Every structure is written in C-alpha cells, then in structure tokens.
Amino acid sequence: MTPPDAAPVPAAPGMTPADAADAARLVAFGLQPKLLPARDVEYAELLRRHRDEPAFARLTDAVAAGLGLIVLEVSTRAGMAVTAAEDSVFAVRMGDYARRAATDSADRFLHGLAHLAVAALAFPRPEDLADDGYIGRVTVNGVDAFVRQACRRLEERAEEQGENTDPTTGAPGLESAWRVYARRSATGATKDARRLAGSTTGIVGKAAAFLVDSGFLQRTGDESGGTYRTTARYQLQVRDMAASAAMAELLELGVVPVSDGGATLLPPDESDDLDLVADAGLPFHS
C-alpha cells in the first residue's frame, strides 16, 4: 500500500514481463558496484534503454524503489548507481560492517569515523562534489593524519571551553570521538612496526578496503599505507551524505588540506594505547 505522503509511481504503458525482467536485470547490475558499463555490453544496452525509453526508466526506478533502493544516478559514467534506504534489506549498518571487519563493539565508532574522514578528505570542497569530472585521491596515512589533526583541534576547543573531561550527554559525536582516536596507537606495538588491525591505520585500511569492494574507491598503489582514487559512484554517495551533522562538524574544523589528496599532514609520534572512553560514539545507525 502506498503511504499517503508518497507520490504514486507512474504506470509504464506498453511494458511486458520481459521488460520487467530487463528492468530488474539493470537494478541487479547496479548492485554490482565494481562492474563498469563500458565492460559489459548488456549493461550498456540497458542503460541506453533507461536513457531513451521513459516507460522503461519508470519501470526500472519502480523496481529499485520496491527493493528499498534509492537511485542516485543512471549514466554511462556511474552506471545504475543506487544506495540503500535505511530500512532496505541491502542496507549495510555500521555495526554489521564492524562485525564483518572482525572488530569488537567498542571499535564500531572508530570505523565510522574512518569512513567519515575518507569522505571529507576525498572531497574537501563543495565544488569538488559538484564537479562530475573531479577525482579525489587519499592515502591511509593521510587519512589517519587528518583525523589526528582534527583530534588536536577538538582537544584545543574543549580546553578553551573548560570542558576537557568526558563529554556530557548530548555532546556532539566528534567531541567524544577525538579522545578515543587520539589514545589509539597509529600502527600498533609489534617489533617490526607492522600495522595491527586494531590500530588507527589498520582501521582506516579496512575502511578503504571495504570501499574498494563496494566500488567506491580504486587502489592505485602501496605508498603511504595504500593510495586510492575515488569513483563516480563514491562521489554520488558522498553527495547523498554531505548534509549529515557529523560530516559538517568535521569539515567545520578547517583541517582538510586542499591539495591533490596526498598525505600532506604528518602522522604524530606513536604512543601507548590507553583505555577506551566508555560509550563514545558517532551518529551512525546501529
């Protein structure tokens, strides 16, 4: 039953069961984020139909909506770019991601912060998000250094306000976040300085690997802990989340280096891990 405040989906006159199957096939292509239309003839043809046949486009969009998917863009550059609504069976929640990354529940928010930082560093200016030709570039060490710089800014702000204690109820998510991230070792404590999974660079590395698997980033090298470039699909995804309170708060700190996306900030000296701050978290769905 259509909710009273939702506009009814227009009918697709002249469409057949075969057309419905093609529409579902196009949505299925969209759920394979690493698949490029230029490398699949059928995918490219279905995208052409979506562009040239309004009835087929409406049918495809209706199939996506029925699956709880939001169509961000349908084009040759991004393919059938979709994102999952909060209640969709395809939604990936931060808690699910953290468990998939083999972390305990205390680290869930650190992974959320890593994803937030990658997005902010990849597209530091509004015009970068608006420019379809813009390609962001990030490195694992650069993202870690960026977050630690943000941590220092947040600590300074807390000291200026005389609130350098555990945040009160209702305090912004990042105000509690810096305490946890700043206390965590950047690489771990192994003798050969290997990157441990629970270190901050380990967490950023897992976030980047997840984004590669999701078709949002492409790995371009091993320098600086791993170098990556953004995809058109990731740009659309970040546009969709750009208005989030956590993203706005992070950008307002003014620590994003506007450059070619390289690691322009140096990571701080390693320090011993301390206990995690209880109940620290960011506003991600759990």
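Residues numbered from 1 in each chain as written. Predicted model: local features only at pLDDT ≥ 70, side-chain atom pairs only at ≥ 80, totals over all residues. Heavy atoms only, no water.

A count of helical and extended segments in the protein chain gives eleven helices and five strands. Each of the 286 residues in the protein chain was classed as buried or not, and the buried ones make up 44%. Counting contacts in the protein chain only where the partners sit at least 6 residues apart, residues at least 24 apart contribute 63% of the total. Here the protein chain has roughly 14,700 Å² of accessible surface; of this, 53% comes from carbon and sulfur atoms. (Helix = DSSP H or I, 4+ residues; strand = E, 2+ residues; numbered from the N terminus. Buried < 20%, exposed > 50% of the residue type's maximum accessible area, 1.4 Å probe, protein only. Contact = heavy atoms within 4.5 Å. Areas by Shrake-Rupley, 256 points an atom, 1.4 Å probe, with all protein chains shown as cover.)

For the rest of this paragraph, the subject is helix α2 (residues 41-52). Compared with an ideal rise of 1.5 Å per residue, which puts twelve residues at 16 Å, α2 spans 16 Å between its outermost C-alpha atoms and is within 8% of the ideal. For α2, every residue scored as buried is listed here: Tyr43, Leu46, Leu47, Arg49 and His50. Looking straight down α2, one finds that the buried residues subtend no more than 155° of arc, so they occupy a single side. In α2, those exposed residues whose orientation departs by more than 90 degrees from the buried face are Val41 and Arg51. The N-capping residue of α2, defined by a side-chain oxygen 3.1 Å from the backbone nitrogen of glutamate 42, is aspartate 40. (Expected span 1.5 Å × (residues − 1). Arc of directions from axis to C-beta. Polar contact = N/O pair within 3.5 Å; in protein donor to acceptor, adjacent residues only side chain to side chain.)

All right, on to unusual backbone geometry then. With a phi close to 55°, serine 224 is a non-glycine residue in the positive phi region. Summarising the element assignment, serine 224 is placed in the loop between β4 (217-221) and β5 (227-230). Looking at serine 224, the relative accessible area reads 33%, which means it is partly exposed.

With that out of the way, let us pick up the layout of surface pockets. There is about 410 Å³ of room inside the second largest pocket. The set of elements that each furnish at least two residues to the lining of the second largest pocket consists of β4, β5 and α10 (232-241). Across the lining of the second largest pocket, the residue classes break down as twelve nonpolar, eight polar and five charged. (1 Å grid on protein atoms, 1.4 Å probe; cavity = no way out; pocket = protein on both sides within 12 Å on 5 of 7 lines; lining within 4 Å. Points joined across faces, edges and corners; volume = space filled by probe spheres on them. Nonpolar A, V, L, I, M, F, W, Y, C, P; charged D, E, K, R; others polar.)

A cluster of like negative charges, contributed by Glu155, Glu156, Glu159 and Glu160, occupies part of the molecular surface. By the secondary structure assignment, glutamate 160 is in helix α7 (residues 140-160). (Patch = residues over 30% accessible without salt bridge, like charges linked within 9 Å, V, L, I, M, F, W, Y side chains within 5 Å. Salt bridge = Lys/Arg side-chain N within 4 Å of Asp/Glu carboxyl O. Lys, Arg positive; Asp, Glu negative; His and termini not counted. Charge placed at Lys NZ, Arg CZ, Asp CG, Glu CD.)

Across six bridges, strand β1 (residues 69-75) lies against strand β2 (residues 79-84) in antiparallel orientation. The partner of valine 71 across the bridge, within β2, is valine 82. In this structure, the hairpin formed by β1 and β2 is closed by a connection of three residues. (Pairing = 2+ DSSP bridges.)

With antiparallel pairing, the three strands of this open sheet are ordered in space as β3-β5-β4. Every interior strand has two partners, whereas the edge strands, β3 (137-139) and β4, have only one. Strand-to-strand twist in this sheet, taken as the mean axis angle between neighbours without regard to direction, amounts to 35°. Packing against the sheet, α7 makes contact with β3 and β5, and its axis sits at approximately 80° to β3. (Axes fitted to C-alpha atoms, helices over the stretch in contact; angles between N-to-C directions.)

A word on the environment of aspartate 19. One can find aspartate 19 in helix α1 (residues 17-30). Sequence spacing of aspartate 19 and phenylalanine 56 is 37 residues, and the spatial spacing of their C-alpha atoms is 7.2 Å. When sequence neighbours within four positions are dropped, the list of residues in contact with aspartate 19 reads Gly14, Arg49, Phe56 and Leu59.

Now for the packing of aromatic side chains. Using the criterion set out here, one finds four aromatic pairs in the structure. When the centroid spacing of 6.0 Å and the interplanar angle of 50° are considered together, the rings of phenylalanine 123 and tyrosine 234 count as tilted. Placement of phenylalanine 123 in the loop between α5 (108-122) and α6 (126-130) and of tyrosine 234 in helix α10 is noted, with a sequence separation of 111 residues between them. Accessibility expressed as a relative area gives 3% for phenylalanine 123, which makes it buried. Using a relative accessible area of 4% as the deciding quantity, one classes tyrosine 234 as buried. Measuring from centroid to centroid gives 5.6 Å for phenylalanine 216 and tyrosine 234, while their planes differ by 35°, and the two rings are tilted. With phenylalanine 216 in the loop between α9 (200-213) and β4 and tyrosine 234 in helix α10, this pair connects stretches of sequence that are 18 residues apart. (Phe/Tyr/Trp six-rings, centres within 6.5 Å; stacked < 30°, edge-to-face > 60°.)

Take the confidence of the model for the protein chain next. When pLDDT is averaged along the protein chain, the result is 75; 65% of the residues meet or exceed 70. Ranking the helices and strands of the protein chain by mean pLDDT puts α2 first, with 96, and helix α4 (residues 94-100) last, with 58. The model gives residues 167-172 a pLDDT under 50, and that stretch makes three contacts with residues more than four places away or in other chains. Across residues 257-286, confidence stays below pLDDT 50; counting only partners more than four residues off in sequence or on other chains, it has 62 contacts. (pLDDT = per-residue confidence, 0-100.)

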